[in-house]
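Structural overview for review
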Amino acid sequence: MMRAINLILIVAFVLLLGWGGMAGAFHSDIYEPRVPAELLEELQDMDNPYPATPERIETGRKIYFGKGECVTCHSENGKGKKLPGHSPRNFTDPKWQEIRTDGEIMWVLRNGSAGTEMPVRVGKVISEEEGWSVIHFIRTFIH
Ligand code: HEC
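Residues numbered from 1 in each chain as written. Predicted model: local features only at pLDDT ≥ 70, side-chain atom pairs only at ≥ 80, totals over all residues. Heavy atoms only, no water.

For the rest of this paragraph, the subject is the pattern of salt bridges. Taken as a whole and judged by the stated rule, the model has seven salt bridges. With its nearest N and O atoms 2.4 Å apart, the salt bridge here joins Arg110 to Glu128. Pair noted here: Arg110 is in helix α6 (residues 102–111) and Glu128 is in helix α7 (residues 128–139), with a separation of 18 residues, a long-range link. With relative accessibility at 30%, the residue Arg110 sits in the partly exposed group. Where salt bridges share partners, they join Glu58, Arg61 and Lys62 into one cluster. (Salt bridge = Lys/Arg side-chain N within 4 Å of Asp/Glu carboxyl O. Helix = DSSP H or I, 4+ residues; strand = E, 2+ residues; numbered from the N terminus. Buried < 20%, exposed > 50% of the residue type's maximum accessible area, 1.4 Å probe, protein only.)

Turning our eyes to something else, we now look at the coordination of the iron atom of the ligand. Distances from the iron atom of the ligand to its protein donors, namely His74 (NE2) and Met118 (SD), fall within the range 2.0 to 2.1 Å. Its six donor atoms give the iron atom of the ligand angles of 88 to 180° at the centre, a pattern that matches the octahedral case. Here His74 is found in helix α4 (residues 70–74), whereas its partner Met118 is found in the loop between α6 and α7, with 44 residues between them in sequence. Judged by relative accessible area, His74 falls into the buried class, the value being 10%. (Donors = N, O, S within 2.8 Å, 3.2 Å for Na, K, Ca; no water. Tetrahedral: all angles 85-135°; square planar, octahedral: opposite > 155°, others 65-115°.)

Taken together, the neighbourhood of the ligand is formed by 26 residues, with Cys70, Cys73, His74, Ser113 and Met118 sitting nearest. At 3.1 Å from an oxygen atom of the ligand is found a side-chain nitrogen or oxygen belonging to Arg89. Ranked by residue count, the leading element in the shell around the ligand is α4, at four residues. Grouping the constituent residues of the shell around the ligand by class yields twelve nonpolar, eight polar and six charged. (Near = heavy atom within 4 Å. Polar contact = N/O pair within 3.5 Å; in protein donor to acceptor, adjacent residues only side chain to side chain. Nonpolar A, V, L, I, M, F, W, Y, C, P; charged D, E, K, R; others polar.)

On to the nonpolar core, then. Ranked by size, the top nonpolar core spans 17 residues in total, and within it Tyr64, Val134 and Ile138 carry the most contacts. If you list the elements that add at least two residues to this core, you get α3 (54–65), α4, α6 and α7. Element by element, the count of residues in this core is highest for α7, at five residues. For Val134, the residues in contact, after removing those within four places along its chain, are Gly60, Ile63, Tyr64, Cys70, Leu109 and Ile126. (Core = buried A, V, L, I, M, F, W, Y, C linked by side-chain atoms within 4.5 Å. Contact = heavy atoms within 4.5 Å.)

Take the packing of aromatic side chains next. For the structure shown, the criterion picks out eight aromatic pairs. Between Tyr64 and Phe91, the ring centres sit 6.5 Å apart and the planes meet at 65°, which makes this aromatic pair edge-to-face. Here the residue Tyr64 occupies a position in helix α3, and Phe91 occupies one in the loop between α4 and α5 (94–99), the gap between them amounting to 27 residues. By relative accessible area, Phe91 is classed as buried at 6%. Ring pairing ties together the aromatic residues Tyr64, Phe65, Phe91, Trp96, Phe137 and Phe141, which thus form one cluster. Here the guanidinium or amino end of Lys95 rests over the ring plane of Tyr31, the centre of that ring lying 4.1 Å away. (Phe/Tyr/Trp six-rings, centres within 6.5 Å; stacked < 30°, edge-to-face > 60°. Lys NZ or Arg CZ within 6 Å of the ring centre and 35° of its normal.)

Time to look at a negative patch on the surface. Taken together, the side chains of Glu41, Glu42, Asp45 and Asp47 define an acidic patch exposed on the protein surface. Position of Glu41 among the secondary structure elements: in helix α2 (residues 40–45). (Patch = residues over 30% accessible without salt bridge, like charges linked within 9 Å, V, L, I, M, F, W, Y side chains within 5 Å. Areas by Shrake-Rupley, 256 points an atom, 1.4 Å probe, with all protein chains shown as cover. Lys, Arg positive; Asp, Glu negative; His and termini not counted. Charge placed at Lys NZ, Arg CZ, Asp CG, Glu CD.)

And the structure:
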């Protein structure tokens with residue numbers, strides 16, 4: 001009888017560990033999309049409506065270091081500061097830059113990233129157009 005109870009406890013414990021690990025993995029994989037699954041396709045098809053001119057990249061740079069406050073978490077070199085909890089995205093990672101589209105980033109700027117420190121930016125501290133400009137700027141961390 002005791003052995004059966006022990007066995008049940010062990011199985012329950014292992015299941016709990018597995019479940020906890022999966023919940024943690026959701027946001028620990030930096031390449032996983034941050035947008036709702038039903039919007040993913042539409043957002044991946046969305047183009048930045050503004051061309052990446054030197055003037056617009058410069059505007060984006062000013063927003064990154066200024067009123068967008070991006071630099072406070074993502075740092076001067078785009079690699080991201082060490083924060084408790086989720087690390088800010090490292091913009092110098094070429095793989096992340098390649099798989100993440102401008103439309104998906106705009107969604108995160110509008111909505112933040114749930115369960116992390118990434119705050120709402122567009123509609124709060126910067127406009128939609130400024131959001132598209134700062135996206136052009138963060139692309140320059142790998143160029
Ligand atoms: C208070 C800290 C903080 C500020 C300010 C901040 N971020 Fe973030 N950002 C984060 C964190 C933390 C993450 C990681 C979130 C995650 O893994 O889902 C993140 C993730 C991101 C991502 C990755 C989203 C993805 O789909 O992978 C982008 C792009 C981004 N931030 C852009 C910006 C821009 C642009 C600004 C300024 C307008 C900004 N962030 C301001 C903390 C911040």
